[in-house]
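Chain residues, written in single-letter form:
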Number of protein chains: 4
Amino acid sequence: MRIGFIGIGAMGTEMVRNLLKAGHTVTVWNRTPARAAELAGDGARVATEARECAAQELIISMLADDRATEEIIFAPEFIDEIKPGVIHVCMATISVGLAQRLTAAHAAAGLHYVSAPVFGRPPAAAAAQLFIVAAGDSASLARLTPVFEVLGQRTFVVGSEPSKANVVKVSGNFMLASMIEALGEAFALVRKHDIAPEQFLEMLTNSIFPAPVYKVYGGLIASDHYEPAGFKLSLGLKDVRLAQAAADAAMVPMPLAGILHDQYMTAIARGYGEFDWAGIARLSAEAAGLPVRGKE
Amino acid sequence: MRIGFIGIGAMGTEMVRNLLKAGHTVTVWNRTPARAAELAGDGARVATEARECAAQELIISMLADDRATEEIIFAPEFIDEIKPGVIHVCMATISVGLAQRLTAAHAAAGLHYVSAPVFGRPPAAAAAQLFIVAAGDSASLARLTPVFEVLGQRTFVVGSEPSKANVVKVSGNFMLASMIEALGEAFALVRKHDIAPEQFLEMLTNSIFPAPVYKVYGGLIASDHYEPAGFKLSLGLKDVRLAQAAADAAMVPMPLAGILHDQYMTAIARGYGEFDWAGIARLSAEAAGLPVRGKE
Amino acid sequence: MRIGFIGIGAMGTEMVRNLLKAGHTVTVWNRTPARAAELAGDGARVATEARECAAQELIISMLADDRATEEIIFAPEFIDEIKPGVIHVCMATISVGLAQRLTAAHAAAGLHYVSAPVFGRPPAAAAAQLFIVAAGDSASLARLTPVFEVLGQRTFVVGSEPSKANVVKVSGNFMLASMIEALGEAFALVRKHDIAPEQFLEMLTNSIFPAPVYKVYGGLIASDHYEPAGFKLSLGLKDVRLAQAAADAAMVPMPLAGILHDQYMTAIARGYGEFDWAGIARLSAEAAGLPVRGKE
Amino acid sequence: MRIGFIGIGAMGTEMVRNLLKAGHTVTVWNRTPARAAELAGDGARVATEARECAAQELIISMLADDRATEEIIFAPEFIDEIKPGVIHVCMATISVGLAQRLTAAHAAAGLHYVSAPVFGRPPAAAAAQLFIVAAGDSASLARLTPVFEVLGQRTFVVGSEPSKANVVKVSGNFMLASMIEALGEAFALVRKHDIAPEQFLEMLTNSIFPAPVYKVYGGLIASDHYEPAGFKLSLGLKDVRLAQAAADAAMVPMPLAGILHDQYMTAIARGYGEFDWAGIARLSAEAAGLPVRGKE
């Protein structure tokens, strides 16, 4: 299939490589051209304007956030360039509200819009091990199935209204952020009682919480080293805000989300914005009067 | 070994049965005699006073909470009855502070005290699948190894100071309570956006959170049925308080624990104290204006 | 002066009456015409379209919220109707962000925009006892002085950038909402210890907190009667959101605001949206298991 | 009257001076003898043991906290020394639970116990301008009236059960701590929007919050200087804990108190324990990325 892929970050790069390997013709565009240019060696066609991507048989967008997505997709020349019946699937983590506006705008132009955000970090993207959460009209989803199979290990369909996939995505990220915060608080507690966090983590992950995410994030927190980031703390704030916006719009009080929001803002004020988002645990350690572990 | 077992609740009953099956001679005592009497048919000797248990080769206590443990163990006649060199292992979820006082009291009497709280519900106790977190002097722990093997699937040793096992236990329970609260808030969010909670749970447990506790608690919350309780919500408040007490003593701010404390108290005020502690999620649903699911 | 006054609610009605009494010629407009029509008897000219108000020497807007303000003021025909050099002063409680957009839009059209939100309820508006917080260019503020003197007891000027007045207004409302929540929690505590809330309030307002707002809100909470509302709880949520939006934009963590947001949403889910915003205290009482006072 | 006064801190010193001026014979005792000795010059008799104070006609205790009060008053030789019918009035801020135990212990010995904690800082104590909250049997309260008149400007009687005075006192301190936290958050918000905190405070205290405590604490926060402390931040934590203990015992969720608890612990971990408790506002400023004001 001729695919236009917009947004070549750490995730997009790996996703495009998998699409190319599977034999698709991929036209890529990125605001910072250098990142897109790197994919030429993998066989991608590098566009100089985003609307070149709009002119393909399938459009995938994977831009950084709402603002970037709005600027590109709602640019007047973009939607006009899309051919009738073409699907635009947004795989980025955007707001529920923007997904609703994208759905309406595409429908008004006789186009198909699908939301399909993903769970997984760049290594999972490279290994085609992403989890994809998709929502849209069933015909579009059927046409996308082979594409999703090239990108991820499993696709969860949550209905025909695209924004529902975004609700599920931001809810899942809220669950992750809550888990990280809980780990941070618990680790501060055990450390303050002179228990090695590794020992506590070993117990947790071999008993009640035998899930990889506990091992991964628990390991980062135990080591108290958060750079380079797998997923930046500043993006964690973005995601907490998305959950809060979805909650506020639907009148759902989420006290844990309130705590998370303030913790992320505080961490950024302390200069931890470039840390992996597990670095939120540094706040709990500091608030307990614990030293940075590398310096203990 | 001749074992005195004090505290025959849902957990204690199963644990005693496993000890009997393994060939130990077990003398049991319970404040409410009927529960202890039921074990006579399994071969247990039923004591009429707690101090009969104190006179055995090994003492295991599994009482409901701090108050019950203090009343029995600190009763003047109890410690006097224990023979020199005997080990008392407290497997109940008690406070870090009480564990410290028990350690001191036993040491003063030339006795050995071990803390060995467990993770697992009654069915896990019956199947000898508990996770045991143990701390105490290494000689005592060595002597206890065969006993622990009869009761659980794995023992995690966290040091020689008994109270550390209690720190780990209350921290683990805090992690569970945080997870349940996060699930409750996220489920309210997806339900309010017209997504079936089962669908969200299916996604979570087959992607980022493939741990049984997510399935179990997520399933309870999705069904919105919390009775009969596997672990009562009122006991959840007890456990949150234990984490907060350990945190307060060590000067560790735990904002999530503060939220949990208020949620459990509110739930009890609404009459949910006898619910399973997953029932805390009912509060999030109600606060979002959602109906009870059975009545949707 | 010929004044166009847009937004004839409980506050606007009283403000227009004071302007008329002071000899101004006031043209009024309201989305629901009946409310504006009532002022005809006081001497107001009743406009059939908002832009008639735009054509006066001074424009005062006092609309319900951001949405209403945007719809009227940003309607294409509105700003075009304003004559060069005319001042538009928005006295409603709008967001900091909207104030910034209004400032830019008026400047682009060669007009003057001033933010001048007020503290005070309808009786204070009727008595010309409002507190006005104003920000804008100094020439405009000087021209507005006699108008503000007709409407309020004191004007606080907080600079030349209009949105600063809105920051101060939403911060002040946050202080009020925090005070009400604290009163609600404290009253639940004393009531649960069998102390009459009136007795506690009597002590507070005659010792550490001798401010009228403590008497007024404390009295409402002690009586546990919240209708009719002086200021609706649902508007309290609006104001908390304005404070949170200003905080989020400037990266200021406000944990109390997070609590307030969830309490207001929960109260609305329980059907208390039409209560006076002091009714947030009902939640604290209920969460403590206390009965409604009228039914004690 | 012959009065035994125990606990000669900043408050006790001023209170004793007023009692001496009024013609009472005062025997003073303090754990650190130097502080008591200073009062000899004012005419006080300096005891070498606390029980000398117990042997007077009236006993006033003003010790630092629960622990100090328990150690002195529950020392076996102390209560035995008190003569039948003598009143012990505890004016310190102690826990509701300790007040209940003191009530029981005195009653068992045929003595009278009254709780009479105070609002006011040392300058108010020196000027006999304290607010006294008293509870106890009415005969004792009647006998204490002339003593209270020497110490304070007004006495609020809240019933015959002494611990109720402590409930009111800890609730009042919770109100103060909530106000300070709200001021800290609001000041961070206005500062981040480039508004001078003095300007915001000027508005607040001349409009909706014309109470001296707002001026005093607002002034400290605006200046961002917290030393020397009028009331130490570490004591603020003690008082928040007292409110939380009273709330926990009565099953009253107090989300604001949870926030305060964590803020005070965090502030102490940052080294602010010796600050005035208004210094909690430094946390909000730091979390917003604001510089210390003296260094702006």
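Residues numbered from 1 in each chain as written. Chains lettered and ligands numbered in written order. Predicted model: local features only at pLDDT ≥ 70, side-chain atom pairs only at ≥ 80, totals over all residues.

All right, on to the overall build of chain A then. When helices and strands are counted, chain A shows 14 helices and nine strands. Over its C-alpha atoms chain A spans a radius of gyration of 20 Å, differing by no more than 12% from the 19 Å that the globule rule assigns to 296 residues. Dimensions of chain A along its principal axes, counting C-alpha atoms only, are 65 × 45 × 35 Å. Among the 296 residues that make up chain A, the fraction classed as buried is 59%. In chain A, the proportion of contacts linking residues at least 24 apart, taken out of those at least 6 apart, comes to 65%. (Helix = DSSP H or I, 4+ residues; strand = E, 2+ residues; numbered from the N terminus. Rg over C-alpha atoms; globule rule 2.2 N^0.38 Å. Buried ≥ 20, exposed ≤ 12 C-beta atoms within 10 Å, placed from the backbone. Contact = placed C-beta atoms within 7 Å.)

With that settled, consider the interface of chain C and chain D. A common way to state how big an interface is: give the accessible area lost once the parts meet. Across the boundary between the two partners, chain C contributes 51 residues, which contact 51 residues of chain D. Taken together, the elements giving at least two residues each to the side of chain C that touches chain D come down to β8 (130–134), β9 (152–157), α9 (163–192), α10 (197–205), α12 (233–249) and α13 (255–269) of chain C. In terms of residue class, the side of chain C that touches chain D is made up of 38 nonpolar, eight polar and five charged. (Nonpolar A, V, L, I, M, F, W, Y, C, P; charged D, E, K, R; others polar.)

Placing chain A over chain B gives an RMSD of 0.0 Å and needs a rotation angle of 180 degrees, together with 0.0 Å of translation along the axis. As the rotation angle and translation indicate, the two copies are arranged about a two-fold axis. Among all C-alpha atoms of chain A, that of A211 of chain A lies closest to the rotation axis, at 2.7 Å. The fraction of interface residues of chain A whose copies in chain B are also interface residues reaches 100%, indicating that both copies meet through the same surface. (Least-squares fit on C-alpha atoms with pLDDT ≥ 70 in both.)

Let us look at the domain arrangement of chain A. Domains assigned within chain A are domain 1 (2–161) and domain 2 (167–295). Put simply, the middle of domain 1 of chain A and the middle of domain 2 of chain A, counted by C-alpha atoms, are 29 Å apart. (Domains from an automatic or database assignment.)

Before going further, it helps to spend a moment on the interface of chain A and chain B. Counting from both sides, the interface comprises 51 residues of chain A and, opposite them, 51 residues of chain B. Within the residue set of the side of chain A that touches chain B, elements represented by two or more residues are β8 (130–134), β9 (152–157), α9 (163–192), α10 (197–205), α12 (233–250) and α13 (255–269) of chain A. With 18 residues, the single largest contributor to the side of chain A that touches chain B is α9 of chain A. In terms of residue class, the side of chain A that touches chain B is made up of 38 nonpolar, eight polar and five charged.

Residues and elements named next belong to chain C. If you walk across this open sheet you meet the six strands as β3-β2-β1-β4-β5-β6, and the pairing is parallel. If you trace the sheet from one side to the other, it starts and ends with β3 (45–46) and β6 (112–115), each paired once. Where strand β4 (residues 58–61) lies against strand β5 (residues 87–90), four bridges are found, and the strand directions are parallel. Counted as the bridge partner of L58 is I87 from β5. Packed onto the sheet, helix α1 (residues 10–21) meets β1 (2–6) and β2 (25–29) and runs at close to 160 degrees relative to β2. Of the strands in this sheet, β5 and β6 touch helix α6 (residues 96–108), which is tilted by about 160 degrees from β6. (Pairing = 2+ DSSP bridges. Axes fitted to C-alpha atoms, helices over the stretch in contact; angles between N-to-C directions.)

The next thing to look at is the environment of I221 of chain D. All names here are of chain D. One can find I221 in helix α11 (residues 212–223). Its 27 C-beta neighbours within 10 Å are what place I221 among the buried residues. Note: C-alpha distance between I221 and E198 (23 residues apart in sequence) is 9.3 Å.

Before going further, it helps to spend a moment on unusual backbone geometry. Along the chain, E227 of chain B connects to P228 of chain B via a cis peptide bond; the corresponding omega equals 0 degrees. We note that M251 of chain B has phi near 60 degrees; this positive angle belongs to a residue other than glycine. Here M251 of chain B shows up in the loop between α12 (233–249) and α13 (255–269). The residue D224 of chain D is not glycine, and still its phi comes out positive at about 60 degrees. Among the secondary structure elements, D224 of chain D is positioned in the loop between α11 and α12 (233–249).

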